[in-house]
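Chain by chain, the residues run as shown.
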Amino acid sequence: MTKLTRVCLTLRAHFSTQLRPLAAAKVPPIPVVTCKQQQFNLYQSELPANPERIKFGELPLASDGWRHRRANGDYFIIHPLHRTSEVYGLSDRTFPELGIREELVENLKRQHVISPTHYQVEGIQAVLDGSHMLLAAETGCGKTYTYLVPLVERILRQKMYGKERDFNTPLVLIITPGRELAQQIGQVAEKLTEGLGINTRVVLGGRTKQQMLNPSFEDIDILVASFGAISKLVTSGIYRMEEVRHVVLDEADTLLDDSFNNKLLHLMRRFPFHKNHLQDLGQSIHGTQLILAAATMPTNMEELLSKLVNVETIEQLVSPNLHRLMGHVTQRFVRVRKSDRPQILLDLVRKDAKRNVPTIIFSNKTPTCDFVSLHLNGLGYPCVNLNGDMMLKLRLGQFEKFQQAEVNILSTTDVASRGLNTIRAAHVINFDFPLYNADYIHRVGRIGRIGSRNDCLATNLISSQAEIGAVQRLEHAARTTSLLRNVDANVKGIIRRKMLKIAGAPAEEVALQNSD
């Protein structure tokens, strides 16, 4: 054996012993759910093959023992399986390829919107085609641009005909359930139409009488309004609807629930939705296109819509992520005593302050929301308060203080859970846990949006027996990667039906309430 051969054999033996441990090393399992009680940990390799077949109650849950007081301090964590960029994938198609003119594309670029997502491509094409549309997709996926971009393009095409319109006769009416969302959409519309000769007007509630006594008259193309304000101002004749060619109901599930339903139907009867085929852009068009955008859809949505329009004429664009837990946001659930929540909240806020993390804290009721704000401000952590019971003068600008980074903490009720684009927020804390799946979806949807950071977190403090029941439904969905069941934003209707059952109402009457 030559000296060179001996050296080669020695080197081979050396490297084979060095590499053997690496080859034997196992890839660490990918966690789906991890728990304080580690026997309940779940990893990606253990996910069921047919999740939809597993009924609620058949699967052991970490939260099963939470009804006992000794469970205080127990927790489980739902881990993200995707990144934000993976969930909201960009399309290879460009805005010009969809028929959007260059001036509008340039305005989009100024808002850092370079390419449309796959969902936006389909939605923009459908809205441009002129059919009635239902845009149903998870929060944060860019539904506002999905309908606003093609509507601006349609307005520009329609203005080419040069038809004169009277003051206060818009072409597009966008209705929202809340003031903050109306303001936000109005701001997006103004930036999108800058330099295009399109006028946007935002109408908010809270000072409707003043607007009726001293109305302003102007050239309006896009009218964005909270529902309470526009219903009164249209009835009084200050805004006229005969030129409206596109009606958008943003957060449509909320607008169609029992809190708005009858008044909304009365307003919607003004529009000829039956003449919805707008492929021809001639001056003879008299139809109105209906567009609905929502992140949660009640099971009786079609029945609600049938009161407005022929449901068969509505094209539906539904995201595959609709009614699913956000797969790119870490969600932490902690069983705590109710009396311990203020201190736990303070500890969470203190950690966020050290890392400069913008945080939204949700409460179920206004008094709790006020308490959280006073509690944190009193301890030296600047916090703005936002709830539906505030006077308009106090309420206006509160959300903007958070958006503009004047403060890093927002204490709010569900008034801020619908539609608001809070891409700077990175932590949602449910100080009160919501009892309805729709509310949970909307609250957590304030983080993990397009443009948000990748390390967003939702922390949920669980105290009451009712909250534990709601958490168990979410944990089951996480462990089976299945759809959330009974996602219904019509909370008022749910409560009414429960009261009927408690009162012993006949089954026929309860069924009738279910179909309202």
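Note that the structure is a prediction, hence the values are computed from the model and not measured. (Residues numbered from 1 in each chain as written. Predicted model: local features only at pLDDT ≥ 70, side-chain atom pairs only at ≥ 80, totals over all residues. Heavy atoms only, no water.)

Draft legend 1. Layout of the overall build of the protein. Secondary structure summary: the protein contains 19 helices and 16 strands in total. For the protein, the residues scored as buried account for 53% of the 516 residues in total. The long-range share in the protein, meaning contacts at least 24 apart out of those at least 6 apart in sequence, stands at 76%. Surface summary for the protein: the accessible area is close to 24,400 Å², and the carbon and sulfur share equals 53%. (Helix = DSSP H or I, 4+ residues; strand = E, 2+ residues; numbered from the N terminus. Buried < 20%, exposed > 50% of the residue type's maximum accessible area, 1.4 Å probe, protein only. Contact = heavy atoms within 4.5 Å. Areas by Shrake-Rupley, 256 points an atom, 1.4 Å probe, with all protein chains shown as cover.)

Draft legend 2. Examining unusual backbone geometry more closely. The backbone of Glu-251 sits at a positive phi, close to 60 degrees, despite the residue not being glycine. Tracing the backbone shows Glu-251 in the loop between strand E8 (246-250) and helix H9 (252-255). Given the relative accessible area of 4%, Glu-251 is considered buried. Not every positive phi belongs to a glycine, and His-323 is a case in point at roughly 65 degrees. Inspection of the secondary structure assignment puts His-323 in the loop between strand E10 (314-318) and strand E11 (330-335). Judged by its relative accessible area of 15%, His-323 falls in the buried class.

Draft legend 3. Seen up close, the pattern of salt bridges. Here the structure, examined in full by the defined rule, presents 16 salt bridges. A salt bridge links Arg-240 to Glu-242; its shortest N-O distance comes to 2.5 Å. Residue Arg-240 is classed as partly exposed on the basis of its relative accessible area of 33%. Its salt-bridge partner being Arg-453, residue Asp-455 comes within 2.7 Å of it at the nearest N-O pair. A relative accessible area of 47% places Asp-455 in the partly exposed class. (Salt bridge = Lys/Arg side-chain N within 4 Å of Asp/Glu carboxyl O.)

Draft legend 4. How the structure looks around helix H5 (residues 143-159). Taking 1.5 Å per residue as the helical rise, H5 with its 17 residues ought to reach 24 Å, and the 25 Å between its terminal C-alpha atoms agrees with that figure. Most of H5 is tucked away, with 13 of its 17 residues classed as buried. (Expected span 1.5 Å × (residues − 1).)

Draft legend 5. Spatial organisation of the confidence of the model for the protein. Looking at the protein, pLDDT values average 86 and 86% of them are 70 or higher. The model gives residues 491-499 a pLDDT under 50, and that stretch makes 16 contacts with residues more than four places away or in other chains. When the criterion is pLDDT under 50, residues 507-516 qualifies, and its contacts beyond four places in sequence or with other chains add up to 15 contacts. (pLDDT = per-residue confidence, 0-100.)

Draft legend 6. Molecular detail of the sheet that holds E10. Strands sit in the order E6-E7-E5-E8-E9-E4-E10 across an open sheet of seven strands; the sheet is parallel. Here the strands that pair on one side only, and so sit at the sheet edges, are strand E6 (200-203) and E10. Each strand of the sheet is rotated relative to its neighbour by a mean of 15 degrees, with strand direction disregarded. Alignment of E6 against strand E7 (residues 222-226), held across four bridges, turns out to be parallel. Counted as the bridge partner of Val-202 is Val-224 from E7. (Pairing = 2+ DSSP bridges. Axes fitted to C-alpha atoms, helices over the stretch in contact; angles between N-to-C directions.)

Draft legend 7. A look at helix H16 (residues 437-444). The element H16 is extensively covered by neighbouring structure, given that eight of its eight residues are classed as buried. The set of residues buried in H16 consists of Asn-437, Ala-438, Asp-439, Tyr-440, Ile-441, His-442, Arg-443 and Val-444.

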